[in-house]
Amino acid sequence: MSGLTLFRQLTKLTIGRLCRRLWLLAGLAVLCAALPLLAGRAAEEALSGGAAFSGVTLAVTAPEGETLPEHLAAAIGSMADVAQYCRLEAMEQKEALAALLAGRVTAVLELPEDFVRDVQSGKNPDLRIIVDGSHPLESLLTLWVGQSAADLLAAAQAGIYAVLDEYDQAPPANLSRNQAVMEINLKYVQWTLNRQYLFQEEKLLPTDTLPIALHYELSLLAFLVLSAAPAFTWIYQDPWLSGFRRLRCAKRSPLWGFGAGLASCWLMMTVILSAVMALLDLPIGAALGTAAVWAVFFAAWTAACALLTESAEGCGGLSFLLALGFLALSGGIVPPVLLPEGVRRLAGAIPVAWMRALAAEPLGYGSMDHPAGLLVLASAVLCALSGWLYVRRAGRREGER
């Protein structure tokens, strides 16, 4: 019998034994699917405090007869990045104050007379923002937005002043002062419309790059997967190992049995994880690929834990403690932003972080470089260690006989 045929027969035999434990594997799949989803939602609620912010509504008023509020509301409405957190409505002053008291608007912005003319000439107009103190969160955010806008306007005005000072010192013969003011303001408008090239957006989360729920879903899922090693420990224990030990009598390496155990464990875990990954809204192809790489590491991890401890109890204790340590160090318990700086640097070398990053990639979150390569490399190291232990253990048992 060729080595490849022997490998296929041994793998088929091991998978057949695994299929007799379908109830256990089905329970593992349900646990891996339900618990991370519940934990992710709970963590999101706990870290966000149930707070939800949908943006501010700003009522804009001006002296009677001016149409600037209508034009300003239309201009802001066309800016998608601003419109997602700030909406403007043009109103009369009395109507705006009544809307503020009724809670229909977050704040009132009062524009002074000759606002546009003052801006064009380089003056700092006196703006007034009225907020409702009974809504502190919205009021503070409104004031922050207003202060940011005022800072930008002041910076632009400083530039206008600087250019006009240069103009007054040596005015060009073919450029009037009014024309210079107009061109400066046109350039300012161009910068405002193309502000995406001037600013870099950054979203701050307690979980660094991943949304809170997804971070904890993937972290807990990785922990549960690594803790499931005892379900496959029997592959590397007596009496199952005693059958593969006889391969030596047939002048075959026990590594064929070791490889069959790895392949069977990988195949069964790939099936389970593919179903779980699909529940996390991963595309089918990405779910299969991610599950396959996770299963490669899990198969090597299980073999190492089982052969180092030589008992199901020892394998369960070792895999659970190591997985719990990995979960904590990778920010799966305490949010990453609260971890000490040294621990945060170490998090990139933790298998749970690699597994989490690999599963998050298809969802558009690139939190780490080459997580699949790191998992495969770690799997190769674990396979080399566990393969040596497998052959050593098979030889030791044979000598005892």
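This text follows the structure it describes.
This is a predicted model, so every value here is computed, not measured. Residue numbers restart at each chain and count upward from 1, following the sequence in its written direction. Owing to the predicted nature of the model, reporting of local features is limited to residues with pLDDT of at least 70; listing and counting of side-chain atom pairs is limited to 80 or more, with chain, interface and lining totals taken over all residues. Side-chain metrics rest on all non-hydrogen atoms present in the structure, leaving aside hydrogens and water.

A. Expanded view of the overall build of the protein. Along the backbone of the protein there are 16 helices and 4 strands. Per-residue accessibility, obtained with a 1.4 Å probe over protein chains only, is compared with the maximum for each type, and a residue is labelled buried under 20%, exposed over 50%, and partly exposed between these values. Relative to its 401 residues, the protein shows a buried fraction of 41%. Residue contacts are defined here by distance: any two heavy atoms, one from each residue, within 4.5 Å place the two residues in contact. Within the protein, contacts between residues at least 6 apart in sequence are counted, and of these 73% link residues at least 24 apart. A 1.4 Å probe and the Shrake-Rupley method give the accessible areas. Residues count as covered only by the protein chains that appear here. With the model as given, the accessible surface of the protein reaches about 21600 Å², and the carbon-plus-sulfur share is 62%. The secondary structure listing takes helices from DSSP runs of H or I that are at least 4 residues long and strands from runs of E that are at least 2 residues long, numbered from the N terminus.

B. Local environment of the sheet that holds strand β4 (residues 128-131). Across the sheet, which stays open at both edges, the 4 strands sit in the order β2-β1-β3-β4 with mixed pairing between neighbours. Every interior strand has two partners, whereas the edge strands, β2 (86-90) and β4, have only one. Between one strand and the next, the sheet's axes are offset by a mean angle of 25°, whatever the strand orientation. Summarising the sheet, strand β1 (residues 56-61) and β2 pair through 5 bridges and their orientation is parallel. When the sheet's bridge partners are listed, Val60 is paired in β2 with Ala90. Here an angle of 0 to 180 degrees is reported between the N-to-C directions of two axes, which are lines fitted to C-alpha atoms, with helices fitted over the stretch in contact. Those strands touched by helix α5 (residues 93-102) are β1, β3 (107-110) and β4, and its axis lies near 160° from that of β3. We call two strands paired when DSSP finds no fewer than two bridges between them.

C. Quick peek at the packing of helix α9 (residues 212-227) against helix α15 (residues 351-360). Packing of α9 against α15 brings their axes to within 9 Å, and their N-to-C directions diverge by 125°. Put simply, α9 runs oblique to α15. α9 and α15 meet at a crossing whose hand is right-handed. Between α9, through His215, Leu218, Ser219, Ala222, Val225 and Leu226, and α15, the contact on the second element is made entirely by Val352, Met355, Arg356, Ala359 and Ala360. Looking at the contact of α9 with α15 residue by residue, the classes come out as 8 nonpolar, 2 polar and 1 charged. Here the angle decides the label: under 35 degrees means roughly parallel, over 145 means roughly antiparallel, 65 to 115 means roughly perpendicular, and every other value means oblique. Handedness of a crossing is defined here by the sense of rotation of the near helix relative to the far one, left-handed for an anticlockwise turn of less than a right angle and right-handed for a clockwise turn. Polar here means any residue other than Ala, Val, Leu, Ile, Met, Phe, Trp, Tyr, Cys and Pro, which are nonpolar, and Asp, Glu, Lys and Arg, which are charged; Gly is therefore polar.

D. Representation of a nonpolar patch on the surface. Taken together, the side chains of Phe320, Leu321, Leu324, Ile333, Val334, Val337 and Leu338 make up a nonpolar region of the molecular surface, amounting to roughly 610 Å² of accessible area. The residue Val337 is located in the loop between α13 (312-329) and α14 (341-346) in this model. Residue class for Val337 comes out partly exposed when judged on its relative accessible area of 36%. Residues forming no salt bridge and having over 30% relative accessible area are the ones grouped into patches, like charges within 9 Å of each other and nonpolar side chains (Val, Leu, Ile, Met, Phe, Trp, Tyr) within 5 Å. Whenever a carboxyl oxygen of Asp or Glu lies within 4 Å of a side-chain nitrogen of Lys or Arg, that contact is scored as a salt bridge.

E. Molecular detail of the side chain of Thr302. Position of Thr302 relative to the elements: it lies in helix α12 (residues 284-309). Discounting residues that sit within four places of it in the chain, Thr302 has contacts with Ala229, Phe232, Tyr236 and Cys265.

F. Molecular detail of the environment of Ala347. On the secondary structure map, Ala347 appears in the loop between α14 and α15. In the structure, Ala347 is positioned 20 residues away from Leu327 in sequence and 9.6 Å away in space, judged by C-alpha atoms.

G. Expanded view of the nonpolar core. Counting 62 residues, the largest nonpolar core has Tyr236 and Trp294 as the members making the most contacts within it. Those elements that place two or more of their residues in this core are α9, α11 (255-279), α12, α13, α15 and α16 (371-400). Per element, the largest residue contribution to this core is 15 residues, and it comes from α12. The residues touching Trp294, leaving out its near neighbours within four places in the chain, are Leu218, Leu221, Ala222, Val225, Leu273, Met277, Met355, Arg356, Leu358, Ala359 and Leu375. Definition of nonpolar core: a set of buried residues of the types Ala, Val, Leu, Ile, Met, Phe, Trp, Tyr and Cys, connected through side-chain atoms within 4.5 Å.

H. Quick peek at the packing of aromatic side chains. Between rings of Phe, Tyr and Trp, where Trp is taken as its six-membered ring, a pair exists when centres lie within 6.5 Å; planes separated by under 30 degrees are stacked, by over 60 edge-to-face, and by other angles tilted. Counted under the stated rule, the structure contains 5 aromatic pairs. With centroids separated by 5.7 Å and ring planes inclined at 65°, the aromatic side chains of Phe223 and Phe320 adopt a geometry described as edge-to-face. On the criterion of sequence distance, the pair formed by Phe223 in helix α9 and Phe320 in helix α13 is long-range, its members being 97 residues apart. Owing to a relative accessible area of 38%, Phe320 belongs among the partly exposed residues under this scheme. Look at Phe258 and Tyr390: their rings are 5.3 Å apart centre to centre, the planes differ by 50°, and that puts the pair in the tilted class. Here the residue Phe258 occupies a position in helix α11, and Tyr390 occupies one in helix α16, the gap between them amounting to 132 residues. Neither Phe258 nor Tyr390 differs from the other in exposure class; each is buried. Within the aromatic cluster, the residues linked to one another by ring pairs are Phe297, Trp301 and Phe326.

I. Main features of a negative patch on the surface. For the charge count, each Lys or Arg is scored as positive and each Asp or Glu as negative, with His and the chain ends excluded. By convention, the charge on Lys lies at NZ, on Arg at CZ, on Asp at CG and on Glu at CD. Where like charges cluster on the molecular surface, the negative patch consists of Glu64, Glu70, Glu92 and Glu95. Tracing the backbone shows Glu95 in helix α5. What makes Glu95 partly exposed here is its relative accessible area of 44%.

J. Summary view of the environment of Phe297. Along the polypeptide, Phe297 turns up in helix α12. Judged by its relative accessible area of 2%, Phe297 falls in the buried class. Along the chain, Phe297 and Leu377 lie 80 residues apart, while their C-alpha atoms are 9.1 Å from each other. In contact with Phe297, not counting residues within four places along its chain, are Leu226, Pro351, Met355, Leu375, Ala378, Ser379 and Leu382.

K. Quick peek at the side chain of Ser330. Assignment of secondary structure puts Ser330 in the loop between α13 and α14. Counted as a polar contact is a pair of N or O atoms within 3.5 Å, where, for protein atoms, one must be capable of donating a hydrogen and the other of accepting one, and residues adjacent in sequence contribute only when both atoms are in side chains. Within the structure, the side chain of Ser330 is placed 2.9 Å from the backbone oxygen of Phe326, a separation counted as a polar contact. Reaching out from Ser330, the side chain makes a polar contact with the backbone oxygen of Leu327 at a distance of 3.2 Å. In this structure, Ser330 is in contact with His215, Ala347, Ile350, Val352, Ala353 and Arg356, ignoring residues within four places of it in sequence.

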